[in-house]
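Chain residues, written in single-letter form:
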Amino acid sequence: MFGTHADVNMRISFFGSARPEIVKVLNELEARYGNCDISDAECVVAIGGDGTALRALHAATRAAGKPVFGMRVGNSRGYLANPVRLDGLEARLRVATRYSFHPLRIGMEDVTGLRRTLMSINDVSLVRRTRQAAKLLVAIDGTRYGAMFVGDGIVVATPLGSTAYNWSAGGPILPLQSGLLAITGIAPAYPAWAQIATEDNSVIELEVVTPAWRPTRLETDVEEASDIARATIALARDVVCTLMFDENPLLQARPSSEIARHGLNSRAADRLPRPPRG
């Protein structure tokens, strides 16, 4: 839907779900600021929670990398969003802090040999699809890491996404500028295989052991695929996503967490937060 407003100069594309409380906010914002197609917009304003912000980021990235300003509605904690306010939106957008980052690119192959390439902003997980535990082999830059993983699955997260599924699974919260990726085991059968932090220029390979007998599912921010045989995960450095935040954004106040240092070289380990003494 397109719209105009006599006193508004910024071209804004609004994005949200069909939930009644979100539609109400969208209608009020469009009445004040107009609404334009994402291809013509200077920025995208996403109304909802983190899921809405992620979907907007995917859409904005396909539209020449337009920046996204999220506003949380309802009970959402919204790590990726700002408080919703109807007044002064243009002024907020003009002075907003911008955080740019690269998403994950996942090359996957299923048990039939079909290959696909997916993108994910927060994380990618490879999880069991039946009651049987997943058995996975992990390699980092072509070198096998540790023993075979046995458990519910593995999640690989960016710093931005480390507060989502990764954190829920007991993984580390990575500082935004850490230059790291988190690799976290989900309900591992062996506690030693719990979490890894590796440099973000790493290529991570996950291979499913006997995938026909222990089927797995691959999940990204916005899509999933079943019966996976293997997946290769790396940052897509040719793609840039941008989030916009008010001053002192919520992301800068994220809780800290100790990070396992399994298999890290000194350059990566030096970027990790240290646990408090005493």
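Residues numbered from 1 in each chain as written. Predicted model: local features only at pLDDT ≥ 70, side-chain atom pairs only at ≥ 80, totals over all residues. Heavy atoms only, no water.

**Side note on the confidence of the model for the protein**
In this model, the protein carries a mean pLDDT of 86, and residues with pLDDT of at least 70 account for 85%. For residues 1–8, every residue scores under 50 in pLDDT, and the model assigns this stretch 18 contacts once sequence neighbours within four places are set aside. Here residues 255–278 scores under 50 on pLDDT; set against residues more than four positions off or in separate chains, the count is 45 contacts. (pLDDT = per-residue confidence, 0-100. Contact = heavy atoms within 4.5 Å.)

**Topic: the pattern of salt bridges**
Taken as a whole and judged by the stated rule, the model has 14 salt bridges. Linking Arg 94 and Glu 90 is a salt bridge whose minimum nitrogen-to-oxygen distance equals 4.0 Å. Here Arg 94 and its partner Glu 90 are both found in helix α3 (residues 89–95), four residues apart, which amounts to about one turn of the helix. Under the relative-accessibility criterion, Arg 94 is labelled exposed at 52%. By relative accessible area, Glu 90 is classed as buried at 10%. The salt bridge partner of Asp 238 is Arg 105, with a shortest N-O separation of 3.0 Å. With Asp 238 in the loop between β18 (228–235) and β19 (241–245) and Arg 105 in strand β6 (residues 104–110), this pair connects stretches of sequence that are 133 residues apart. Residue Asp 238 is classed as exposed on the basis of its relative accessible area of 60%. Each of Glu 109, Arg 115 and Arg 230 takes part in salt bridges that share partners, so that together they form one network. (Salt bridge = Lys/Arg side-chain N within 4 Å of Asp/Glu carboxyl O. Helix = DSSP H or I, 4+ residues; strand = E, 2+ residues; numbered from the N terminus. Buried < 20%, exposed > 50% of the residue type's maximum accessible area, 1.4 Å probe, protein only.)

**Remarks on helix α1 (residues 20–33)**
Helix length check: α1 (14 residues) gives 20 Å between terminal C-alpha atoms against 20 Å at 1.5 Å per residue, within 8%. Along α1, the residues that are buried comprise Ile 22, Val 25, Leu 26, Leu 29, Glu 30 and Tyr 33. Down the axis of α1, the smallest arc covering the buried residues is 135°, so these residues share one side. Opposite the packed face of α1, turned more than 90 degrees from it, sit the exposed residues Pro 20, Lys 24 and Ala 31. Packing partners of the buried residues in α1 comprise β1 (12–16), β2 (43–48), β3 (68–72) and α3. Remark: Gly 34 follows α1 within two positions and exhibits a positive phi of approximately 75°. (Expected span 1.5 Å × (residues − 1). Arc of directions from axis to C-beta.)

**Focus on the environment of Phe 14**
Mapping Phe 14 onto the fold places it in strand β1. Excluding anything up to four places from it in sequence, Phe 14 contacts Leu 26, Leu 29, Glu 30, Tyr 33, Gly 34, Asn 35, Val 45 and Leu 89.

**Observations concerning the packing of aromatic side chains**
Taken as a whole and assessed by the stated rule, the structure comprises one aromatic pair. Each ring, one from Tyr 99 and one from Phe 101, has its centre 5.3 Å from the other, and the planes form 20°; the classification is stacked. Owing to a relative accessible area of 8%, Phe 101 belongs among the buried residues under this scheme. (Phe/Tyr/Trp six-rings, centres within 6.5 Å; stacked < 30°, edge-to-face > 60°.)

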